[in-house]
Amino acid sequence: MRVDVVSIFPAYLDALELSLVGRAAHSGVIDLHVHDLRDFTHDRHRTVDDTPYGGGPGMVMSPVPWGEALDHVRAQVPDERPVLVIPTPSGRLFAQSTATAWSTDTWLVFACGRYEGIDSRVAEHYAQRADWAGVREVSIGDYVLAGGEAAVLVIVEAIARLLPGVLGNEESVRDDSFATGAMSDLLEGPVYTKPPEWRGLDVPDVLLSGHHGQIAQWREERSRERTADMRPDLGAS
Ligand code: ADE
């Protein structure tokens, strides 16, 4: 999967070089490219924003550098159509199901907005472009960040760990909180490792018993309890 990120803070995306996503990038599973939006300005101050039409507080990102930056990114792979992803608190909610659906895309281009957002004609324009595969405006949750960069870190990590060969343990994906399958809509229950006793707290006996059926049943019960406690909205009975 090719991933391009356009931002006025390209260093923010340095975290994508680390850990699981970094390994995916270094192994070639993800082909990562980060771009500085200001490289597509032409004035002395490298201006990317302006006052909002109709008035109101804050600044809006100009469509002009965005158009140049996105056309530049698009031209890097003539035979492939990218999806434009715009993180915004006014987008559709990004969930595990979204990560799963997007994990089969071949090229995602992320446009990180700052200030009051990107001029809405950018999303409108790229949605009409036959050489792009669509525009997806997504929110990672019901809170307002200062920009899309942190959302991109979240979204790319959620997708990267689903790509074949990235985790090295396909089962840990299957049993995740929010993964679909036998445990769909349940949170993961408690987990333990050695030592068997720590500061007066024992690992539950059943986990040391070797009875796989009982262990599976115990885990499902704990999952249901935790889901009812933490996330009653998920409707675990
Ligand atoms: N930009 C600002 N807030 C955001 C959010 N909640 N999700 C995605 N992008 C954002």
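Residue positions are given per chain, counted from 1 along the sequence in the order it is written. Predicted model: local features are reported for residues with pLDDT of at least 70 only, side-chain atom pairs are reported and counted for 80 or more only, and whole-chain, interface and lining totals are derived from all residues. Calculation of side-chain values draws on the structure's entire complement of heavy atoms; hydrogens and water are dropped beforehand.

**Student:** Give a description of the environment of Ala15 that names residues and reports values.
**Tutor:** In this description a helix means any DSSP run of H or I spanning at least four residues, a strand means any run of E spanning at least two, and both kinds are numbered starting from the N terminus. In this structure, Ala15 sits in the loop between strand S1 (2–7) and helix H1 (19–27). Placed 135 residues apart in sequence, Ala15 and Ala150 show a C-alpha to C-alpha distance of 9.9 Å.

**Student:** An account of the pattern of salt bridges is needed here, citing residue identities and associated values.
**Tutor:** By definition here, a salt bridge exists when the distance from a side-chain nitrogen of Lys or Arg to a carboxyl oxygen of Asp or Glu is within 4 Å. All chains considered together, the criterion is met by 13 salt bridges. One salt bridge connects Asp36 with Arg46, and the closest N-O pair in it is separated by 3.8 Å. Of this pair, Asp36 sits in strand S2 (residues 31–36) while Arg46 sits in the loop between S2 and strand S3 (49–50), and the two are ten residues apart along the sequence. On the basis of relative accessible area, Asp36 is assigned to the buried category, the value being 18%. Each residue is assigned to one of three classes by its accessible area relative to the maximum for its type, calculated with a 1.4 Å probe on protein chains only: buried under 20%, partly exposed between the two thresholds, exposed over 50%. Overall, the relative accessible area of 33% leaves Arg46 in the partly exposed class. Measuring nitrogen to oxygen at the nearest pair gives 2.8 Å for the salt bridge that ties Asp131 to Arg129. In this structure Arg129 comes out as buried when scored by relative accessible area, which is 19%. Bridged by salt links that share partners, the residues Asp71, Arg74, Arg129 and Asp131 form one connected network.

**Student:** For the domain arrangement of the chain, give the residues involved together with the corresponding values.
**Tutor:** Annotation of the chain at the domain level lists domain 1 (2–160) and domain 2 (181–234). Between the C-alpha centres of domain 1 and domain 2 the distance comes to 38 Å. Domain start and end points were adopted from an automatic or database domain assignment.

**Student:** I'd like a rundown of H1, residues and numbers included.
**Tutor:** Those residues of H1 that fall on the buried side of the exposure criterion are Leu20, Val21, Gly22 and Ala24. Throughout, a contact is declared for two residues whenever any of their heavy atoms are within 4.5 Å. Summarising the contacts, the buried residues of H1 are in contact with helix H5 (149–160). In the segment just after H1, Gly28 is the residue with positive phi, at about 90 degrees.

**Student:** An account of the sheet that holds S1 is requested, with residue identities and associated values reported.
**Tutor:** The strand order across the open sheet built from five strands is S2-S1-S6-S5-S7, with neighbouring strands paired in parallel fashion. The sheet is open, and its two borders are formed by S2 and strand S7 (135–139), each paired with just one other strand. When strand polarity is set aside, the average angle formed by the axes of neighbouring strands in this sheet is 30 degrees. Each pair of strands is called paired provided DSSP finds at least two bridges between the two strands. As defined by bridge partners, strand S5 (residues 83–93) adjoins strand S6 (residues 107–111) across three bridges and the pair is classed as parallel. Each bridged residue has a counterpart across the sheet, and for Val85 the counterpart in S6 is Phe110. A fitted line through C-alpha atoms serves as each axis, taken over the contacting stretch for helices, and the angle formed by two N-to-C directions is quoted from 0 to 180°. Relative to the sheet, H5 contacts S1, S5, S6 and S7, its axis offset from that of S6 by approximately 160 degrees.

**Student:** Give a description of the environment of Pro196 that names residues and reports values.
**Tutor:** Looking at the element boundaries, Pro196 is found in the loop between helix H6 (170–174) and strand S8 (197–198). A sequence separation of 41 residues divides Pro196 from Ile155, and the C-alpha atoms of the two residues are 36 Å apart. Pro196 has contacts with Leu201, Asp202 and Val203, leaving out every residue within four places of it along the chain.

**Student:** Break down the site of the ligand for me, citing the residues and quoting the values.
**Tutor:** Taken together, the neighbourhood of the ligand is formed by Pro87, Thr88, Pro89, Val138, Ser139, Ile140, Gly141, Tyr143, Val144, Leu145, Gly147 and Ala151. A 3.5 Å cut-off defines polar contacts: any pair of N or O atoms within that distance qualifies, except that in protein one atom must be a possible hydrogen donor and the other a possible acceptor, and neighbouring residues in sequence count only when both atoms are side-chain atoms. Within the backbone of Thr88, a nitrogen or oxygen atom sits 3.2 Å from a nitrogen atom of the ligand. Between the ligand and the protein, one listed contact pairs a nitrogen atom with a backbone N or O atom of Tyr143 at 2.8 Å. Throughout, the Shrake-Rupley method with a 1.4 Å probe supplies accessible areas, and for residues the shown protein chains are the sole cover considered. Protein contact buries 96% of the 260 Å² of open area that the ligand shows by itself. The cutoff for a nearby residue is simple: one of its non-hydrogen atoms must lie within 4 Å of the molecule or strand.

**Student:** Outline the packing of aromatic side chains, listing residues and values.
**Tutor:** Between rings of Phe, Tyr and Trp, where Trp is taken as its six-membered ring, a pair exists when centres lie within 6.5 Å; planes separated by under 30 degrees are stacked, by over 60 edge-to-face, and by other angles tilted. Counted according to the given criterion, the structure contains two aromatic pairs. With 5.5 Å between their ring centres and 65 degrees between their planes, Phe94 and Trp102 make a pair best called edge-to-face. Judged by its relative accessible area of 11%, Phe94 is buried. Using a relative accessible area of 7% as the deciding quantity, one classes Trp102 as buried. Between the aromatic rings of Tyr126 and Trp132, the centroid separation amounts to 4.9 Å while the plane-to-plane angle is 65 degrees, which identifies the pairing as edge-to-face. Taking the relative accessible area as the measure of exposure, Tyr126 reaches 2% and is therefore buried. Overall, the relative accessible area of 2% leaves Trp132 in the buried class.

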